[in-house]
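# Chain and residue survey
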Amino acid sequence: GNSVTQMEGPVTLSEEAFLTINCTYTATGYPSLFWYVQYPGEGLQLLLKATKADDKGSNKGFEATYRKETTSFHLEKGSVQVSDSAVYFCALNLPGGKLIFGQGTELSVKP
Amino acid sequence: GAVVSQHPSWVICKSGTSVKIECRSLDFQATTMFWYRQFPKQSLMLMATSNEGSKATYEQGVEKDKFLINHASLTLSTLTVTSAHPEDSSFYICSARGQGAIEQYFGPGTRLTVT
């Protein structure tokens, strides 16, 4: 079946630290992969996406590469800020638009 | 960017009553809307998919007679929780997608508490 697994949180980092949030998936076919971010009290926002193998999505300093061989889509950022504190969701997009979400990873960045 | 609103943002109702949640796309036409449920510290679970003018498609395990979904226009979908019980207490989130688009835009969610 289709599923997404993310590393468990919460993840606590100091400002300017390097961030990696692991995401692996199982899927039939070739889904698109997304990272969503949910800031406190707000709805989910699309952070970045990749639609095919080896694509790299990037936005606001975050990056993730669609790795078909390892079925992964890890989220990275070289230097996090306090304002990056949020919950991050990895998701795969199936035909028809159905999104399968990972369990979410809470990130807390301390000054 | 595309904006999706939900109303109300939170609601408390008594067990046995029904409550309606609205989801609106404010600046685009949403041919497809999705309803999710999110439990504390957990992921979003898709409940149903609705296309404008058609009956909603429910995910396995979701009671269609309990969670009534209407998508009568290209900017509005409603979720009605009928005969609510405390176990229906949750965070309900909608998303909307335009014709031919991949990206879904999410509403801010509605916190339902059934007492």
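No experiment lies behind these values; they were computed from the predicted model shown.

### Section: the interface of chain A and chain B
Taken residue by residue, the interface counts 18 residues in chain A and 18 residues in chain B. Area buried by chain A at its contact with chain B is led by A:L44, A:K98 and A:F101, which between them contribute 29% of it. Where chain A packs against chain B, one counts one salt bridge. Taken together, chain A and chain B are joined by three residue pairs in polar contact (both at pLDDT 80 or more).

### Some points on the environment of B:S95
Residues and elements named next belong to chain B. Checked against the element boundaries, S95 lands in strand β9 (residues 90-97). With a relative accessible area of 0%, S95 lands in the buried category. Separated by 79 residues in the primary sequence, S95 and G16 have C-alpha atoms spaced 27 Å apart. Beyond its immediate stretch of four places on either side in the chain, S95 contacts T32, M33, F34, Y36, Q104, Y105 and F106. Here Q104 takes part through its side chain, which lies 2.6 Å from a polar atom of the side chain of S95.

### Quick notes on the nonpolar core
Counting residues in each nonpolar core, the largest one holds 28 residues, and the members touching the most others are A:W35, A:L47, A:L48, A:F73, A:L75 and A:Y88. For this core, the secondary-structure elements that each account for two or more residues are β2 (11-14), β3 (19-21), β4 (23-26), β5 (32-38), β6 (44-50), β8 (62-65), β10 (86-93) and β12 (105-110) of chain A. Of the residues forming this core, the biggest block, four residues, is contributed by β10(A). Membership of the second largest hydrophobic core comes to 24 residues, among which are B:V11, B:A56, B:L79 and B:Y92.

### A closer look at the state of the cysteines
A full pass over the atoms with the stated rule returns two disulfides over all chains. Between the sulfur atoms of A:C23 and its disulfide mate A:C90 the distance is 2.0 Å. Disulfide A:C23 to A:C90: torsion about the S-S bond roughly -70°, handedness left-handed. Taken together, the residues span a long stretch of sequence, with A:C23 in strand β4 and A:C90 in strand β10 at a distance of 67 residues. Free cysteine: B:C13, not disulfide-bonded; nearest cysteine sulfur from B:C94 at 18 Å. What makes B:C13 buried here is its relative accessible area of 9%.

Cut-off values and rules
- The residue count restarts for each chain, going from 1 along the sequence in the order it is written.
- Whichever chain is written first is A, and whichever ligand is written first is 1; the rest continue in order.
- Owing to the predicted nature of the model, reporting of local features is limited to residues with pLDDT of at least 70; listing and counting of side-chain atom pairs is limited to 80 or more, with chain, interface and lining totals taken over all residues.
- Side-chain figures throughout are based on the complete set of non-hydrogen atoms in the structure, without hydrogens or water.
- Residues are treated as being in contact if the distance between any of their heavy atoms lies within 4.5 Å.
- Buried area is calculated as the accessible area (1.4 Å probe) missing from two parts once they are joined, with the contributions of both summed.
- Salt bridge, as used here, is a side-chain nitrogen of Lys or Arg placed within 4 Å of a carboxyl oxygen of Asp or Glu.
- Two N or O atoms count as a polar contact when they lie within 3.5 Å, although within protein this holds only if one can serve as hydrogen donor and the other as acceptor, and sequence-adjacent residues are included solely when both atoms are side-chain atoms.
- Strands are runs of DSSP state E lasting at least two residues, helices are runs of H or I lasting at least four, and both sets are numbered from the N terminus onward.
- Burial classification: accessible surface area is computed with a 1.4 Å probe over protein chains only, and a residue below 20% of its type maximum counts as buried, one above 50% as exposed, and the rest as partly exposed.
- By nonpolar core is meant a set of buried Ala, Val, Leu, Ile, Met, Phe, Trp, Tyr and Cys residues that side-chain atoms within 4.5 Å join together.
- To count as a disulfide, a pair of cysteine sulfur atoms needs to be within 2.5 Å.

Distances and angles like these do not, on their own, reveal function.
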